[in-house]
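# Reading the structure
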Amino acid sequence: MMDSFAQDIRYALRAMFKSPGFALVAIASLALGIGANTSIFSIVNELLLKPLPYKNPDQLAQVFRETNEPGKGAAISEAWSYPKFEALRDHSDSFEQIAAVSDQNFPVTDSDSPERLSVEMVSSSYFSLLGIDAAIGRTFNDDEDLKPGDDPVVTIGHGLWERRFGSDPGVIGKTMSLNKVPLTIVGVLPRGFKGQKGTAEAWVPMMMAPQLLFPRRLVQRFAHWTEVIARLKPGVSMAQAQNEMQIVSVKAREAIPVPPELAGKLADESIKLTPLKEARIDPAIGKSVLVLFGAVGFVLLIACANIANLLLSRSVSRRREIAVRMALGASRGRLVRQLLTESVILSLLGGVAGLLVALWGIELLSAFKPAARTPQTGYLGALDFSRANIGAQVLAFNFLLSVVTGIVFGLIPALQGSREDVGAALKEGTRGVRERRGMFGVLGPRNLLVVTEIALTLVLLIGAGLMIRSFARLQALQIGFSPDHVMTMRIELPKYKPAAEAAFEEQLLNRISSLAGVEAASVASSTPLSSNSAATVMRINERPEGETSSVGLHSVGPDYFKTLRVPLVRGRTFTDQDRGSKLVVIINEKAAQEFFPNEDPIGKEVWVGVGWEANQFGEIVGIVGDVKYGKVEDTFKPQVYLPYLQPTEPAPFVLARTTGEPAQITSAIRREILSLDSSVPIFDVRTLEDRSADATSRTRFSAVLLGTFSALALVLAAVGVYGVMSYAVSERTREIGIRMALGAQPVNVLALAARDGIIVTIAGVAFGLMGAYAATGVLGSQLYGIATTDMATFVAVSLMLAAVALLASYIPARRAMKVDPMVALRYE
């Protein structure tokens, strides 16, 4: 058996060397198809298939709060207050361990080089829950989870240990200050561990929150700021644990009584469990990647159909060879195996070349970095595909795909070639050979393959057309501000008191505004379309005390609206005099329409839940245009703006509108910040146009790649139609010559030659439309303002593909018109 298999391989290689042109074309086509599939699979593997790098990851879950406000339906939030976490921890029986973790950013304040670190504040069970041990030193123990501020310790990541401490093994016991709080280093974590968001470089006990954040952070019952993850007990399923949560949520509410003034005014809360792996993936990005994976699968099938057609055409020249082998006693099964061996070897070589294409593809995908929204919170951040690589699983996929591909495109030619009539083939040789027509008449094996190519291509083209139209509609939406010529950056002020922070920012704005090339400058707690803006409740004075409304909350500088070119509708904007005891607010048009439908809001008083006392009210002094802070496809929502000079949320963003290119002013702004405080880290420096582009980056990512794959499929389909029609014309050259010798006109010859192409095109488009109607449903959640069965897209794309296919048919048909009858009659 092994000898005959080795003989098949040697024979296959000799056959390839006899036709190097055919082999190179086939290998190149397969390299593109297999390489594209391998590169997309590497992303699928990294995002969706690769298990989390923790102990028994299937037992890990993220615990969400699910709120249900009357009239607004259920909303899921990952954030918990620490008292609610404690109630959950104390009343749950399904969890082996449960931990709180909060992603924070703190400046390193004991160094001459300012740096901002991504830090996770965690409860002591966090590392043991995940199965993470320290590489040097230790992690946290239970004693460090008892009393706030008693254990100022920190564990650091492997990368930070190498970068800041030169991989010093004696780092344990040294001090590092975060936000002006000295912390003792007790451990270095293993290489590669970067926490739940993949960016953390240091970890501090949750009990240090009062020192690093706010004094009452651990006791505020309704300050939701931490996530909760849990490990299920052995033998407890996710469904069983979810059932228990109904009881736990009741006990947790009883453990945290609602203040009398809020009784009946808070939304009902329940608890929802999600496998940790699923909770870490943006569902929209996951679906986009799967759609692209399906698209490159279609491209590979189209390439397979093309190569199968080449093999069918090539088999004509091998009819006599196959007939001789059968006459000498070779069985049909033996011939099929030989021909499949040739196909598989060809495909394996294509797979090897495809690995190079895949490496290039992964690099190309990494450059896209579509912005992903953290599930449930909607926070927008760039998704980095660079972690994808050609590992063992990807190599195994490449090998398996190559073998299956070789069988797929080789099976029909192998079966067709092994069915030869020995006597007829030995008498006829290769002269006058006709393709066997199946039960469908003109649609023999080669033409059926072309029909498949056209149908698959049409499905891809319609999907790409829908995505491109959806992206165009998103781009055309009104966002309420002008993002051009605005530079943005974030600063991390080292534990300033609110008054000192406001004074720093006031000096900074005065300096930036005086720089040459700066038209306007401001600070802000968030930027538009970034989905990281805060939300709070607002109550209107002189209305029932329990009547509150949800609003977006923004702390901004006086020139914020000028910087973003947001129009002032009525009243005034903030000034430098808006400080002190008189509180003022500005609302947007949507808030004015929703909360004051038949009134003038200017002069009205409102209470905003940002730490104001119950009897503190701010006066509405202005109404500005609507701005989108969430998804670009969302409608405008009520927003409230507060001056940063009054008690409000921190304003870490610095914005500057420039008269020239924003990048030219970046260095000057950095110098002004560092001249005020050299310990302030500056990071996340980007233009507002780049930030705004993130809001549509997922749709752009899908549209560009789906469009690229569709264009490749279109080229392959056109080549397939052209190849089959060229072969058909050459096959019928003698017949065409006889017809012309008997008086047939060129136009008759053209119609005869083009008939197969027209039938194949019509059949392919018909099947493609049916396939597209069924397949484009998966795009529903990714489209905006356009139906998955949009008639205009279906018709336009179908006509375009039909035109390309008919053009590919016309070129060989036109060549048939020029056949010389005398030459044709002497043909072979």
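The model shown is predicted, which means the values in this text are computed figures rather than measured ones.

Conventions we followed
Residues numbered from 1 in each chain as written. Predicted model: local features only at pLDDT ≥ 70, side-chain atom pairs only at ≥ 80, totals over all residues. Heavy atoms only, no water. Salt bridge = Lys/Arg side-chain N within 4 Å of Asp/Glu carboxyl O. Helix = DSSP H or I, 4+ residues; strand = E, 2+ residues; numbered from the N terminus. Buried < 20%, exposed > 50% of the residue type's maximum accessible area, 1.4 Å probe, protein only. Phe/Tyr/Trp six-rings, centres within 6.5 Å; stacked < 30°, edge-to-face > 60°. Lys NZ or Arg CZ within 6 Å of the ring centre and 35° of its normal. Axes fitted to C-alpha atoms, helices over the stretch in contact; angles between N-to-C directions. Parallel < 35°, antiparallel > 145°, perpendicular 65-115°, else oblique. Left-handed = near helix turned anticlockwise from the far one by under 90°. Contact = heavy atoms within 4.5 Å. Nonpolar A, V, L, I, M, F, W, Y, C, P; charged D, E, K, R; others polar.

Attention now moves to the pattern of salt bridges. Going through the model one piece at a time under the given rule, you end up with 23 salt bridges. The partner of R191 in a salt bridge is E162, and the shortest N-O contact between them spans 2.8 Å. Of the two residues, R191 sits in the loop between β8 (181-188) and β9 (202-205) while E162 sits in helix α5 (residues 158-165), which places them 29 residues apart along the sequence. Residue class for E162 comes out partly exposed when judged on its relative accessible area of 32%. Two residues, R163 and E201, come together in a salt bridge whose shortest N-O distance is 2.8 Å. Note that R163 is positioned in helix α5 and E201 in the loop between β8 and β9, a separation of 38 residues in sequence. Via salt bridges that share partners, E115, R163, R164 and E201 belong to a single interconnected network.

What follows concerns unusual backbone geometry. At N56, a position not held by glycine, the phi torsion is positive, near 40 degrees. With respect to the element layout, N56 can be found in the loop between α2 (20-49) and β1 (60-69).

We now examine the packing of aromatic side chains. The full count for this structure, using the stated rule, is 15 aromatic pairs. For the ring pair F41 and F397, a centre distance of 4.0 Å and an interplane angle of 10 degrees mean the geometry is stacked. Of the two residues, F41 sits in helix α2 while F397 sits in helix α12 (residues 392-417), which places them 356 residues apart along the sequence. You'll find F41 and F397 in the same group, each marked buried. When the ring of F127 is compared with that of W203, the centres are 6.3 Å apart and the planes differ by 65 degrees; the resulting orientation is edge-to-face. In this pair, F127 sits in helix α4 (residues 126-130) while W203 sits in strand β9, placing the two residues 76 residues apart along the sequence. Side by side, F127 and W203 carry an identical accessibility label, which is buried. Here the aromatic cluster, defined as three or more aromatic residues joined through ring pairs, consists of Y54, Y126, F127, F140, F193 and W203. K628 extends its terminal NZ or CZ atom over the ring of F636, reaching a point 5.3 Å from the ring centre.

Axis separation between helix α3 (residues 82-91) and helix α7 (residues 238-255) bottoms out at 9 Å; the angle between their running directions is 130 degrees. Put simply, α3 runs oblique to α7. Handedness of the α3/α7 crossing: right-handed. Where α3 approaches α7, its residues A87, L88 and H91 are matched on the opposing element by E244, M245, V248, K251, A252 and A255. Its residues assigned to classes, the contact of α3 with α7 comprises six nonpolar, one polar and two charged.

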